[in-house]
Protein chains: 2
Amino acid sequence: MSKAELIGLDWGSTSLRAMLIDARGQVLSERRSAQGASTLAGGPAGPAAFAAALDELIADWAPLGLPMLACGMVGSQHGWREVPYADCPADAQALAAGALAVPWRGHALRLLPGLRCESAAGVPDLMRGEETQLLGALTLAPELGARSCVVMPGTHSKWARVVDGGLLGFATHLTGELYALLRRHSVLARLMPSEDFSDPSAFAAGVRAARERGEEGLSHQLFAVRTLGLGGHLAGSALPDYLSGLLIGHELRAGLAARDADAPLVLVGEPALCQRYASALALFDLAAPRLLPNTAALGLWRLSQSC
Amino acid sequence: MSKAELIGLDWGSTSLRAMLIDARGQVLSERRSAQGASTLAGGPAGPAAFAAALDELIADWAPLGLPMLACGMVGSQHGWREVPYADCPADAQALAAGALAVPWRGHALRLLPGLRCESAAGVPDLMRGEETQLLGALTLAPELGARSCVVMPGTHSKWARVVDGGLLGFATHLTGELYALLRRHSVLARLMPSEDFSDPSAFAAGVRAARERGEEGLSHQLFAVRTLGLGGHLAGSALPDYLSGLLIGHELRAGLAARDADAPLVLVGEPALCQRYASALALFDLAAPRLLPNTAALGLWRLSQSC
């Protein structure tokens, strides 16, 4: 049995995951809490609320005296302490150098910075947390470091351009958030039953509509979720799949057009969601991309070695 | 003073407007109620709830013994009585022929059908109520009937192709609904103060981003509302304008690409919203379109002459 060498925290907006990590970047033990940065930032206690959340989850880990490193929204403006964004192009050294410490039970918890880039048109883009997952992916599969396009699907999907082990730039797509908004609050929601995702052929139809007729515009094509449902062309139970296919299809349409065509595609994150993206990519006639699981622990380990 | 010849009802999802209309299609008197079709459909009383809402609003108009005609969601599946959609291509005769009557205080209230069309790819589109506004616009400006592209901005914007006095087809864009969802419920909402629309230059920047870089994808460009706000590039008070510009810009980008280039553009509807669309169209280097106010009353009058 290997030995714990690092306490790693993946502390996002809506959740906190604390891990004991060994010298190979493997997770030995893990605990989860719903005390995300957004929840804590809303409270009156300010930074103390973050320390209290950590007390509650891992007070018994404090005596281990291990180095501690955290990524995610815990370092944002409304987090425990604001850690300024590092700028692209960036690598592990640059990220580790930007970390700032907060005290916890006599130890220093280092908070990693997020990343900022600017598009050719001068529009900024931002991430906090995904950069750590990305470095984990490059540690797990070092051959990707030479040149790759790393896609991290999620509420805010990230498409990152990697060259020579560094992160050149990235683009965020609001796909997961748009799905949730439309699924819950829009006129489209009324026709949908409570369960999601039971009809792969409806998902494929949505992806194909985006691929073949995306120039009709997303805001127009979304209305088809309603008209196909009202007209009986698709069952209510198939509409969430069609909606998901449309949104992911539009993300792929734009993301693929913007990427370096010779950079291999990699999907990193929650396996079921990555599999949906892989199915959609197949409908764009692309070779099956490599799939990697959530690699935040490995990224935290990698970054702890650069601090 | 002219004489009332028709009781016209514009009965949508969220509101009811009752009008006394003269032989020129002018409104002599008007009353409004918040008892829209969605509200009433949710109640236990069924069709009786619609009759009661009308009792409450215009019981004193019943003794006038005038013809009565209604357009909008009152004729939908969950309305007073379902009136099947008429199919495009359609004209005033076809719409009037599809009306079905319900009894109210000894009179026959005729409910107009909505319109259905199918895109070249076989995807259906639907409207209920806008077809009446459109016929009103063609009555107010008959020269548009020969050939025009009529845009009716709103929660669900409609782009209609008119040739030889008939409606060939149309496309719906969810623009207004997306704005409301993102404004109220999304991660973008947090940075925005409560007031809308104070910064025309931010609106123009949003429209230009859609026009010049729309291939980056709407779901990506939406994230810029957040990053431009967080980075201090745009004040919080300018973000609703930027968001509105992006969404309207994407609608125009798709709608203009799909229209017959030689069909003159016309904007029909609420003047302030039409003016926003006109400002956006100017940024697409298009000649100022004709603007017409809400023409539902005139449309109801026109259709009552064809019944």
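Remember, it's a predicted structure, so these values are computed and weren't measured experimentally.

(A) Up close: the relation of the copies chain A and chain B. Rotating chain A by 180° and translating it 0.0 Å along the rotation axis places it on chain B, where the RMSD comes to 0.0 Å. Look at the turn and shift together and you get a two-fold axis relating the two. A shared interface surface links the copies, since 100% of the contact residues of chain A are contact residues in chain B too.

(B) Highlighting the interface of chain A and chain B. Counting from both sides, the interface comprises 41 residues of chain A and, opposite them, 41 residues of chain B. Summing both sides of the interface, chain A and chain B together bury roughly 3200 Å²; the carbon and sulfur share of this comes to 69%. On the chain A side of the interface with chain B, the three residues burying the most area are Leu174, Ser219 and Phe223 of chain A, jointly 17% of the side's total. For the pair chain A and chain B, the number of links is 0 salt bridges. For the pair chain A and chain B, the number of links is 10 residue pairs in polar contact (both at pLDDT 80 or more). Listed by contribution, the elements that provide at least two residues to the side of chain A that touches chain B are β9 (124-127), β12 (166-173), α5 (175-185), α7 (218-221) and α8 (223-230) of chain A. Within the side of chain A that touches chain B, the residues separate by chemical class into 20 nonpolar, 13 polar and 8 charged.

(C) Representation of unusual backbone geometry. With an omega of -5°, the peptide bond running from Cys88 of chain A to Pro89 of chain A counts as cis. As for its placement among the helices and strands, Pro89 of chain A is situated in the loop between β5 (86-87) and α3 (92-97). The phi dihedral of Asp164 of chain B falls on the positive side, at around 55°, and the residue is not glycine. Relative to the helices and strands, Asp164 of chain B is located in the loop between β11 (157-163) and β12 (166-173).

(D) Quick look at the packing of aromatic side chains. Scanning the entire structure with this criterion turns up 8 aromatic pairs over all chains. Arranged with centres 5.5 Å apart and planes meeting at 55°, the rings of Trp11 of chain B and Phe50 of chain B form a pair that is tilted. Here the residue Trp11 of chain B occupies a position in strand β1 (residues 4-11), and Phe50 of chain B occupies one in helix α2 (residues 47-58), the gap between them amounting to 39 residues. When the centroid spacing of 6.1 Å and the interplanar angle of 80° are considered together, the rings of Trp11 of chain B and Trp80 of chain B count as edge-to-face. Note that Trp11 of chain B is positioned in strand β1 and Trp80 of chain B in the loop between β4 (68-71) and β5 (86-87), a separation of 69 residues in sequence. Comparing Trp11 of chain B with Trp80 of chain B, the two get one shared label, buried. Pairwise contacts between aromatic rings join Trp11, Phe50 and Trp80 of chain A into one cluster. Arg276 of chain A extends its terminal NZ or CZ atom over the ring of Phe203 of chain A, reaching a point 4.3 Å from the ring centre. A cation over a ring is seen here: Arg128 of chain B above Tyr85 of chain B, with NZ or CZ 4.2 Å from the ring centre.

Analysis parameters
Residues numbered from 1 in each chain as written. Chains lettered and ligands numbered in written order. Predicted model: local features only at pLDDT ≥ 70, side-chain atom pairs only at ≥ 80, totals over all residues. Heavy atoms only, no water. Least-squares fit on C-alpha atoms with pLDDT ≥ 70 in both. Contact = heavy atoms within 4.5 Å. Buried area = accessible area lost by both parts, 1.4 Å probe. Salt bridge = Lys/Arg side-chain N within 4 Å of Asp/Glu carboxyl O. Polar contact = N/O pair within 3.5 Å; in protein donor to acceptor, adjacent residues only side chain to side chain. Helix = DSSP H or I, 4+ residues; strand = E, 2+ residues; numbered from the N terminus. Nonpolar A, V, L, I, M, F, W, Y, C, P; charged D, E, K, R; others polar. Phe/Tyr/Trp six-rings, centres within 6.5 Å; stacked < 30°, edge-to-face > 60°. Buried < 20%, exposed > 50% of the residue type's maximum accessible area, 1.4 Å probe, protein only. Lys NZ or Arg CZ within 6 Å of the ring centre and 35° of its normal.

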